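# An overview of the molecular structure
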Amino acid sequence: MVKFSFKVMWDGAELIFQEVTGLSSETQIIEYRGGSSPVYSTVKMPGIQKFSNITLKKGIFKGDKALWDKYKGITMNTYKRINIVVSLLDEKQDIAMSWTLKNAFPCKITVTDMKSDANEIAVESMEVAHEGLTISE
């Protein structure tokens, strides 16, 4: 399956990005040893799940303030949390599989680096925090 064709649905609207990174989940490890255990090592058990922030990157075009409009809605602990769906598309542009980010909100926005000798498009990025990652086919 190719990975260059995907779409991102943000609060019911499709936003166009050139790159999505950070779709990952990690389970913390709990180590325990009972005081009367004859074994001199710990038992490892699964603990709390932790989800990485994702990073969305897109080109900057004149008049396009979509990411800034999303970001400026943040005030202390008050932001409408949403589910964001990232879908991998097949050759026919049908959804092959999707990842849903639960209770997502933007937590960082970065403007492009400005270099006078660069020959590249200006790119902005947004980091998004979330509370869960599920996959569906």
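Going by the structure above, here's the rest.
Residues numbered from 1 in each chain as written. Predicted model: local features only at pLDDT ≥ 70, side-chain atom pairs only at ≥ 80, totals over all residues. Heavy atoms only, no water.

## Notes on the nonpolar core
Spelled out, the test is: Nine residue types can take part in a nonpolar core, namely buried Ala, Val, Leu, Ile, Met, Phe, Trp, Tyr and Cys, and a core is a set of them joined through side-chain atoms within 4.5 Å. Only protein chains enter the calculation, and the probe is 1.4 Å; a residue is then buried if its accessible area is under 20% of its type maximum, exposed if over 50%, and partly exposed in between. Helix and strand assignments come from DSSP, with helices taken as H or I runs of at least 4 residues and strands as E runs of at least 2, each series counted from the N terminus. In what follows, residue pairs with any heavy atoms lying within 4.5 Å of each other are defined as contacts.
Core analysis: the biggest nonpolar cluster contains 18 residues, and W10, L56, I84 and V128 have the highest contact counts within it. Those elements giving two or more residues to this core turn out to be β1 (6-10), β6 (54-59), β7 (82-89), β8 (95-110) and β9 (123-129). What W10 contacts, discounting residues up to four positions off in sequence, is L15, L56, K70, Y79, I82, I84, P106, M126 and V128.

## Some points on the packing of aromatic side chains
Cut-off, in case you're wondering: Under the pairing criterion, centres of Phe, Tyr and Trp rings, with the six-membered ring standing for Trp, must be within 6.5 Å; the plane angle then separates stacked pairs below 30 degrees from edge-to-face pairs above 60, leaving the rest tilted.
Applying the stated criterion across every chain yields a total of one aromatic pair. The interplanar angle of 85° and the centroid separation of 6.4 Å between the aromatic rings of W68 and Y71 together place this pair among those described as edge-to-face. In this pair, W68 and Y71 are both assigned in helix α1 (residues 66-71), three residues apart and thus about one turn of the helix distant.

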